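Observations on the three-dimensional arrangement
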Amino acid sequence: MGHPVLRARAQALDRTRLKSPDVQKLIDDMMETMTEYHGVGLAAPQVHEGLRLFVASLDMDRGDEPTQPIAIINPEITPIGQELVEDWEGCLSIPDIRGRVSRPAEVRVRALDRDGERIELRARGFSARIIQHETDHLDGVLFFDRMRGFETLTFLDEYSRYWAKDED
């Protein structure tokens, strides 16, 4: 947090640039970094690249181990229905901080994959939250910008001590 790229709107990627070796290496490096730091999503602005690209592991709602991360480029999100869910979020750019954020429970995302092919995904629950959180990064928005108030903003240690018990 504090790097200007995190607060700027990222630039769209065209298919030609997406297929370039430097962007493909960026995607691979982001997937490796996300995994190394035990994240479930990582947006290009978080690694100081102002591009509309994020990587994510999205299968966690099923109770299975997450599948290999996927790359989502130039996402366009549409909420499905009116249901909002408030839940805890954290961020690799704001280490050791958690807070509750209200977001649509289900979304549709239209984007490109790492090969430049059009994809459309429908996500609910935690996967929908990941997609929305990472897309926010592409718009210069951090999770605490979405919080209704800061009553639940907490350090990870305090979250574990006082709040995580409520999740069981």
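Check the entry above for the structure.
Basis of the calculations
Residues numbered from 1 in each chain as written. Predicted model: local features only at pLDDT ≥ 70, side-chain atom pairs only at ≥ 80, totals over all residues. Heavy atoms only, no water. Phe/Tyr/Trp six-rings, centres within 6.5 Å; stacked < 30°, edge-to-face > 60°. Helix = DSSP H or I, 4+ residues; strand = E, 2+ residues; numbered from the N terminus. Buried < 20%, exposed > 50% of the residue type's maximum accessible area, 1.4 Å probe, protein only. Core = buried A, V, L, I, M, F, W, Y, C linked by side-chain atoms within 4.5 Å. Contact = heavy atoms within 4.5 Å. Salt bridge = Lys/Arg side-chain N within 4 Å of Asp/Glu carboxyl O. 1 Å grid on protein atoms, 1.4 Å probe; cavity = no way out; pocket = protein on both sides within 12 Å on 5 of 7 lines; lining within 4 Å. Points joined across faces, edges and corners; volume = space filled by probe spheres on them. Nonpolar A, V, L, I, M, F, W, Y, C, P; charged D, E, K, R; others polar.

1. Focus on the packing of aromatic side chains
What the rule picks out here adds up to three aromatic pairs. Ring plane angle 65 degrees and centroid distance 4.9 Å describe the contact between Trp 88 and Tyr 159, whose orientation is recorded as edge-to-face. Of the two residues, Trp 88 sits in strand S4 (residues 84-91) while Tyr 159 sits in helix H4 (residues 156-167), which places them 71 residues apart along the sequence. With centroids separated by 5.9 Å and ring planes inclined at 65 degrees, the aromatic side chains of Phe 143 and Phe 144 adopt a geometry described as edge-to-face. Classification of Phe 143 by relative accessible area gives buried; the value is 1%.

2. Structural notes on the nonpolar core
Membership of the largest hydrophobic core comes to 16 residues, with the highest contact counts inside it found for Ile 27, Met 30, Leu 53, Val 55, Ala 71 and Ile 73. Going through the elements one at a time, helix H2 (21-36), strand S2 (53-56) and strand S3 (70-79) are the ones with two or more residues in this core. In terms of residue count, H2 provides more of this core than any other element does, six residues in total. Apart from the residues lying within four places of it in its own chain, the contact partners of Leu 53 are Leu 13, Leu 26, Ile 27, Met 30, Ala 43, Ala 44, Pro 45, Ala 71, Ile 72, Ile 73 and Leu 138.

3. A look at the pattern of salt bridges
A side chain with one charge can pair with a side chain of the opposite charge if their charged atoms come near. A complete count under the given rule lists 16 salt bridges for this structure. The partner of Glu 83 in a salt bridge is Arg 124, and the shortest N-O contact between them spans 2.7 Å. Highlighted residues: Glu 83 in the loop between S3 and S4 and Arg 124 in strand S7 (residues 118-124), separated in sequence by 41 residues. Its relative accessible area of 42% is what places Glu 83 among the partly exposed residues. Residue class for Arg 124 comes out partly exposed when judged on its relative accessible area of 41%. The closest approach of N and O atoms between Arg 129 and Glu 89, which form a salt bridge, is 2.7 Å. Residue Arg 129 is located in helix H3 (residues 126-138), and its partner Glu 89 is located in strand S4; the two are separated by 40 residues in the primary sequence. Residues Arg 129 and Glu 89 agree in their burial class; the two are buried. One continuous salt-bridge network, built from bridges that share partners, spans Glu 89, Arg 103, Arg 129, Asp 136 and Arg 146.

4. A word on the layout of surface pockets
Taken as a whole, the largest pocket spans an internal volume of roughly 560 Å³. Lining the largest pocket we find 23 residues, and of these Val 40, Glu 89, Gly 90, Cys 91 and Arg 98 sit closest to its centre. Across the lining of the largest pocket, the residue classes tally to ten nonpolar, six polar and seven charged.

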